[in-house]
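What follows is each chain in one-letter form.
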Amino acid sequence: MPQKPPVDKRRARSAASRKAILDAAESIVRSKGIDAFTTKTLVAKSGLSERTIFNHFDNLDQILVTRISEYLAPLATPDTNTPYPVLPPESVRELPDLIEATFVEALETPRVQKALDQFFSLALAVATRSEDLLAEQMLKTLATVAQQNINTTHERHPHLSLEQRFDVALYVNNLTYSLVIGFSKGVEVLGHQGITNPTTSQLLPYFKWAIEQVSAGKPSLAPQNF
């Protein structure tokens, strides 16, 4: 009886297969359109069996939304070359402004803009077939992004009171979900101008507009609340 490969090798092989499936799916949709994305074309493009593909994913739609969601990950993983800002307890009043500025700066970085460009273009293609599933997955992914950013903020500022932590969490959530509002408005306005596949740089003014709307409800954190 043949021996099973070591666990690390099995995990590496599984990760490689998963990546091959996601890469192949994206390639098919981008080059041939969503209607060409079938089990048959995915098997041919990935070089993997149908059984292997569906051992990793429940269905074709899940493959696409998984890849799309990955492009939102940089919003929760700041550039390591830019240290996450930390404020001392006596400057806690400035924290909401700092959170907003950091959020906007992230949207302006080439790394995040490249990921969002890939996200938007693929999402728009997939939306023609799986709009409800895409919307559901986007909200789940943004919730994860928001929670990761909330955790980072709390870890960097352990002196926050319980009430302040709640206010910060609510504000970070609102900032994160403002991307959906900005995206929707931007696509609508730019669509009327004949731009059907906008880039992040074209959408950025609408993201900033949405962030400004959220900023109107920015929490007030006072040092004396400790």
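Our structure is the block above this text.
What counts and what doesn't
Residues numbered from 1 in each chain as written. Predicted model: local features only at pLDDT ≥ 70, side-chain atom pairs only at ≥ 80, totals over all residues. Heavy atoms only, no water. Helix = DSSP H or I, 4+ residues; strand = E, 2+ residues; numbered from the N terminus. Buried < 20%, exposed > 50% of the residue type's maximum accessible area, 1.4 Å probe, protein only. Contact = heavy atoms within 4.5 Å. Areas by Shrake-Rupley, 256 points an atom, 1.4 Å probe, with all protein chains shown as cover. Lys, Arg positive; Asp, Glu negative; His and termini not counted. Charge placed at Lys NZ, Arg CZ, Asp CG, Glu CD. Axes fitted to C-alpha atoms, helices over the stretch in contact; angles between N-to-C directions. Parallel < 35°, antiparallel > 145°, perpendicular 65-115°, else oblique. Nonpolar A, V, L, I, M, F, W, Y, C, P; charged D, E, K, R; others polar. Core = buried A, V, L, I, M, F, W, Y, C linked by side-chain atoms within 4.5 Å.

Undergrad: Would you explain the overall build of the protein chain in this entry?
TA: Regarding its fold elements, the protein chain presents 8 helices and 0 strands. Overall, the protein chain shows an N-to-C arrangement of helices and strands of α-α-α-α-α-α-α-α. Projected onto the principal axes, the alpha-carbon positions of the protein chain cover approximately 65 × 55 × 30 Å. Out of the 226 residues in the protein chain, the part that is buried amounts to 39%. Put simply, of all contacts in the protein chain between residues at least 6 apart along the chain, 74% involve residues at least 24 apart. With the model as given, the accessible surface of the protein chain reaches about 12,600 Å², and the carbon-plus-sulfur share is 53%. Averaging the coordinates of the 23 positive side-chain charges in the protein chain and doing the same for the 24 negative ones gives two points 12 Å apart.

Undergrad: Got a minute to help me understand the packing of helix 4 (residues 60-70) against helix 6 (residues 110-156) in this structure?
TA: The relative placement of two packed helices is expressed as an angle between their axes plus a distance between the axes. Where helix 4 meets helix 6, the closest approach of the two axes is 9 Å, and the angle between their N-to-C directions is 85°. When the interaxial angle is binned, helix 4 and helix 6 end up roughly perpendicular. Contacts from Leu60, Asp61, Gln62, Leu64, Val65, Arg67, Ile68 and Ser69 in helix 4 reach Phe119, Leu122, Ala123, Val126, Arg129, Ser130, Leu133, Leu134, Gln137 and Thr141 in helix 6. Across the contact of helix 4 with helix 6, the residue classes break down as 10 nonpolar, 5 polar and 3 charged.

Undergrad: Looking at this structure, how should I read the nonpolar core?
TA: Side chains of a nonpolar character, in soluble globular proteins, are inclined to be buried together. Ranked by size, the top nonpolar core spans 56 residues in total, and within it Phe37, Leu42, Ile63, Leu75, Leu107, Phe119 and Phe207 carry the most contacts. Taken together, the elements giving at least two residues each to this core come down to helix 1 (7-32), helix 4, helix 5 (95-108), helix 6, helix 7 (162-192) and helix 8 (200-215). For this core, the element with the highest residue contribution is helix 6, accounting for 12 residues.

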